[in-house]
Amino acid sequence: MAFISSGYNPDKPMEDRITDIGPRNYEEFYPPVVKANKGKWLYHEILEPGVLVHVAESGDECYTVRAGGARLMSVTHIREICEIADKHCGGYLRFTTRNNIEFMVDDKSKLEPLKKDLESRKFDGGSLKFPVGGTGAGVTNIVHTQGWIHCHTPATDASGPVKATMDVLFDDFQNMRLPAHLRVSLACCLNMCGAVHCSDIAILGYHRKPPMLDHEYLDKMCEIPLAVAACPTAAIRPTKVELPDGKKVNSVAVKNERCMFCGNCYTMCPAMPLADKEGDGIVLMVGGKVSNRISAPKFSKVVVAFIPNEPPRWPTTTDTIQKIVEAYSKGANKYERLGEWAERISWERFFEVCDLEFTHHLIDDFRDPAYYTWRQTSQFKF
Amino acid sequence: MKHETPMLDQLETGPWPSFVSDIKQEAANRAKNEKNVDYQIPVDVCDDLLGVLELSFKHGRTHWKHGGIVGVFGYGGGVIGRYCDQPEEFSGVAHFHTMRVAQPAGKFYSTDYLKKICDLWDFRGSGITNMHGSTGDIIFLGTTTKQLEEIFYELTHNLNQDLGGSGSNLRTPADCIGKARCEYACFDTQHMCHTLTHEYQDELHRPAFPYKFKFKFDGCPNCCVASIARADMSFIGTWKDDIRIDQEAVQAYVGGELKPNGNAHAGRDWGAFDINKEVIDLCPTKCMWMDGKELKIDNKECTRCMHCINVMPRALRIGKETGCSILVGAKAPILDGAQMGTMLVPFIKAEEPYDEIKEVIESIWDYWMEEGKNRERLGELMKRQGFQKLLEMTGLKPDPRMVQEPRHNPYIFWKEEEVEGGFERDINEFRKYHQR
Ligand code: HEM
Ligand code: HEM
Ligand code: SF4
Ligand code: SF4
Ligand code: SF4
Ligand code: SF4
């Protein structure tokens, strides 16, 4: 492994430096049928789960096959995607916001061979490489964050629970039987990279133990004032601590009852780790949406305060999700999103039909907005 | 394989694509090295990635440490530093930094471009990516510090491609597919996203903001990129005039020849389509009715929720006088709770050269950079100082469309200049008429 230079000269970093050129121009990447008909599409239709046709004023048609995928993917896999797009789609493809891959062709005759090709490809372990689906009133791919594969603050993994959940919800990825579309998201800590706080079902990693304090090293590894400032709830203060050997060192103290387990202190100060096998796990939130269709966008609400991490397949989490999806599928009206359904039948009924326990943890007690989530009417259901 | 991974192996079965199988295939390909690549980071990086992940599955804890400062010269973002906390056992991932590569608007690609990206990342990185990260960038997952500048050099010199944003600056903007393939798009999301991304490259690469700032562009109120929930500034397409109706197509839906909602509900027998039950009664403003065989819409009362258009795309089309709304202040729950975007500009033209829109953007940035505290998102500043202040600083006129309802209390902070005669009065003059 000899080092090979790109041409960059570390002694003269500004030599030939190119900066601020931004992303490539999207125009280079449009398939011809898209380029020709941009802004002139008349309507679309889902021909079967995962297969769409868009029809333009010109009469041109764009057929799209949508395939799911892990957003965590290797270059070998991307090259395979390219091979398929070269073979069937004139060398173009796109990704959706929810990490699906879309293969587009301009003629119906090219559709079946493309679909067959996608469906025939499997990984050595047996899973599908390119399951076709993710359209209409069903479940599409889960948007998620990094988890144990890359981040330093996660309270759960991301790719593992996503794979386990998509296996359980797989039929609904390829079937459009639900009352409306159902969006599932995962964030592995309360920072929630991505937008899980507005999902029909949000899987959220959560720590439940305050940071441990590595007093002996804290002052050496961290800027104590920065660690103190990092805490959103002002739970951390500087202090002096006597080590077992009698030596006095600068360190911090944490008011545990003020800690909301966000991990910001650990981000700042590696001597304050908080991850814990028993402490960490999953919160389930439901009923959010971002679309303005019929009702305004909504936040997801916490309906299960804690489920332990159960790698590799998180069975309690996936069972609970499945239970909620089934109750929703049975109870909601056509076009009704999960949150709209829960509001119509009332949250007391939601817990009943989903067979979920309502606990004190589910009553908001965090700052001002909490008051407005309590019941301020005499109306309720028995 | 270099490490035993009994727990991860259980994620290889089941129908959904297995990331474990994929990483294993990458590990095997690197070991074989059929193309004779002169790998610039350890060949067994993927083996060690699986090994350390297996250990996390076993321990129920991550094995990554916070990054420290790594990056490319002159940029304040685009690279996230990451080190393994078990570097002896997993030396291949001892340094495992992420690079954010700015994605093209709409996430369309040519295979020619993607293959070059793959070749570069194979050669100088782990070969593992995210297509894409939550913000929208292509994520290169895992390389060593020494390779960062090399990768940046190759990206800019050979691929005409820049890094994306991270840190306290403008994050890589993202958009929905819009006019490229969606009949609902009210403006060209790709054009606007791309143009503004290029316009604000300095803000994107050099942190000068109190905290992160995100733009997202949704072509219509269906909000496919969730701009209203996760962008400090969301641009959502809308229209001013009438929904275009094709009455024949309406009858085709009524008669069952056309399937509602583009056939999105085909997986269950919901019975015959009922335009009253499925469209007219669900219209949130109750502004539609049937007049014999004609569908009527009182467009002045329509709030453009998209429901009727979604259900009958061949009969109903968005209006022709299109533009966008601008909402500001959305953020995830940390810290004072989640915030949805708040309507700031109900309607603005979304056309080149976007001068009016840039004026709004820059007035917001000026305000936030002047008044925002360190690590205060725009939405939090709005909450702290109030909506009035935002109006004052942006020079926009108050409009009932900006609020859900008027205030619940009369505690108005009247300003002196708003009150006739001002605050200064003569107490002696007052006392002439009012004894002590
Ligand atoms: C103090 C709070 C936060 C901390 C400490 C934090 C930390 C991080 C870190 C370390 C990463 C990199 C993960 C990796 O690749 O290893 C990350 C990614 C990211 N963060 Fe945050 N974050 C915070 C708040 C937020 C919030 C509030 C949002 C959204 C509104 C957000 C959005 C994102 C997104 C979109 C990514 C990219 C994630 C992905 O593609 O998976 N973060 N964050
Ligand atoms: C108050 C203290 C700090 C807090 C709350 C904090 C929080 C965060 C957050 C929220 C991110 C995610 C950034 C993103 O994805 O955009 C991040 C990333 C990062 N932080 Fe910190 N951080 C702090 C101090 C530091 C310090 C002192 C260092 C270095 C010694 C550091 C180095 C980094 C690096 C390298 C990244 C990833 C690169 C980047 O996103 O620009 N942070 N931090
Ligand atoms: S959600 Fe939290 S743990 Fe997960 S990638 Fe983002 S910051 Fe890291
Ligand atoms: S985890 Fe968060 S709330 Fe708890 S002490 Fe650390 S910074 Fe403060
Ligand atoms: S947001 Fe609207 S315009 Fe954009 S892709 Fe979604 S439906 Fe189409
Ligand atoms: S767009 Fe929504 S509000 Fe307007 S007519 Fe259609 S259903 Fe009613």
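Quantities reported herein were computed from a predicted structural model and do not represent experimental measurements.

Asks: So what about the overall build of chain A? Which residues, and what values?
Replies: The helix and strand inventory of chain A stands at 11 helices and 12 strands. Considering chain A as a whole, with its 382 residues, one finds that 59% of them fall into the buried category. The contacts of chain A with a sequence gap of at least 6 include a subset with a gap of at least 24, amounting to 65%. As displayed, chain A has an accessible area near 15,600 Å², and 52% of this comes from carbon and sulfur atoms.

Asks: So, the site of ligand 6: which residues are in play, and what are the values?
Replies: Every residue near ligand 6 is listed here: Cys283, Pro284, Thr285, Cys287, Met288, Cys302, Thr303, Arg304, Cys305, Met306 and Cys308 of chain B. Its residues assigned to classes, the shell around ligand 6 comprises 8 nonpolar, 2 polar and 1 charged.

Asks: Pulling in residues and values, what's your account of the domain arrangement of chain B?
Replies: Interfaces are frequently sized by the accessible area removed from exposure as the parts join. Residue and element names in this part refer to chain B. Partitioning chain B into domains gives domain 1 (6-158), domain 2 (174-239 + 323-435) and domain 3 (244-317). A separation of 37 Å is found between the C-alpha centroids of domain 1 and domain 2. At the junction of the two partners, domain 1 supplies 10 residues and domain 2 supplies 13 residues. Seen at the junction of domain 1 and domain 2, the total is 0 salt bridges. The tally of links between domain 1 and domain 2 comes to 6 residue pairs in polar contact (both at pLDDT 80 or more).

Asks: Describe the pairing of strand S7 (residues 138-143) of chain B, with residues and values.
Replies: All names here are of chain B. Most of S7 is tucked away, with 6 of its 6 residues classed as buried. In this structure, strand S4 (residues 97-101) lies alongside S7, joined through 5 bridges in antiparallel fashion. Its bridge partner lying in S7, Met99 is registered against Phe140. In this sheet, S7 lies alongside strand S6 (residues 128-131) in antiparallel orientation, the contact comprising 3 bridges. The residue bridging Asn130 from the neighbouring strand is Ile139, located in S7. Counting the residues in the hairpin turn of S6 and S7 gives 6 residues, including Gly136, whose phi is positive at 130 degrees.

Asks: I'd like a description of the interface of chain B and chain A, backed by residues and values.
Replies: The interface is formed by 141 residues belonging to chain B together with 136 residues belonging to chain A. With both sides pooled, the region where chain B packs onto chain A buries about 12,400 Å², and carbon together with sulfur makes up 59% of that total. Looking only at chain B, the three residues that lose the most surface to chain A are Trp16, Phe108 and Arg181 of chain B, adding up to 8% of its buried area. Linking chain B to chain A there are 10 salt bridges. We note a salt bridge from Glu102 of chain A to Arg181 of chain B, for which the minimum N-O separation is 2.9 Å. Between chain B and chain A we count 72 residue pairs in polar contact (both at pLDDT 80 or more) in total. Ranked by residues supplied to the side of chain B that touches chain A, first place goes to helix H4 (residues 111-124) of chain B with 10 residues. Here the side of chain B that touches chain A is composed, by residue class, of 62 nonpolar, 46 polar and 33 charged.

Asks: I'd like a rundown of the packing of aromatic side chains, residues and numbers included.
Replies: For the coordinates displayed, the defined rule picks out 37 aromatic pairs over all chains. Measuring from ring centre to ring centre gives 6.1 Å for Phe170 of chain A and Phe173 of chain A, while their planes differ by 25 degrees; the resulting arrangement is stacked. Residue Phe170 of chain A and its partner Phe173 of chain A are both found in helix H5 (residues 170-173); the two are separated by 3 residues, about one turn of the helix. Residue Phe173 of chain A is classed as buried on the basis of its relative accessible area, which comes to 1%. An aromatic cluster is built from Tyr200, Phe209, Phe213, Phe215, Phe217, Phe235, Trp365 and Trp368 of chain B, whose rings are joined through pairwise contacts. When the ring centre of Phe108 of chain B is taken as origin, the NZ or CZ atom of Arg94 of chain A, which lies over that ring, is 5.4 Å away. Looking at Lys146 of chain B, its charged tip hangs above the ring of Phe3 of chain A, at a distance of 3.9 Å from the centre.

Asks: Explain the site of ligand 1 to me, and be specific about the residues and the numbers.
Replies: Lining the immediate surroundings of ligand 1 are 25 residues, of which His150 and Asn191 of chain A together with Arg82, Ser134 and Lys212 of chain B lie closest. Of the chains in the model, those with residues near ligand 1 are chains A and B. In the model, an oxygen atom of ligand 1 is placed 2.7 Å from a nitrogen or oxygen of the His150 of chain A side chain. Separating a nitrogen atom of ligand 1 from a side-chain N or O atom of Lys212 of chain B is a distance of 2.7 Å.

So, how was this worked out
Residues numbered from 1 in each chain as written. Chains lettered and ligands numbered in written order. Predicted model: local features only at pLDDT ≥ 70, side-chain atom pairs only at ≥ 80, totals over all residues. Heavy atoms only, no water. Helix = DSSP H or I, 4+ residues; strand = E, 2+ residues; numbered from the N terminus. Buried < 20%, exposed > 50% of the residue type's maximum accessible area, 1.4 Å probe, protein only. Contact = heavy atoms within 4.5 Å. Areas by Shrake-Rupley, 256 points an atom, 1.4 Å probe, with all protein chains shown as cover. Near = heavy atom within 4 Å. Nonpolar A, V, L, I, M, F, W, Y, C, P; charged D, E, K, R; others polar. Domains from an automatic or database assignment. Salt bridge = Lys/Arg side-chain N within 4 Å of Asp/Glu carboxyl O. Polar contact = N/O pair within 3.5 Å; in protein donor to acceptor, adjacent residues only side chain to side chain. Pairing = 2+ DSSP bridges. Buried area = accessible area lost by both parts, 1.4 Å probe. Phe/Tyr/Trp six-rings, centres within 6.5 Å; stacked < 30°, edge-to-face > 60°. Lys NZ or Arg CZ within 6 Å of the ring centre and 35° of its normal.

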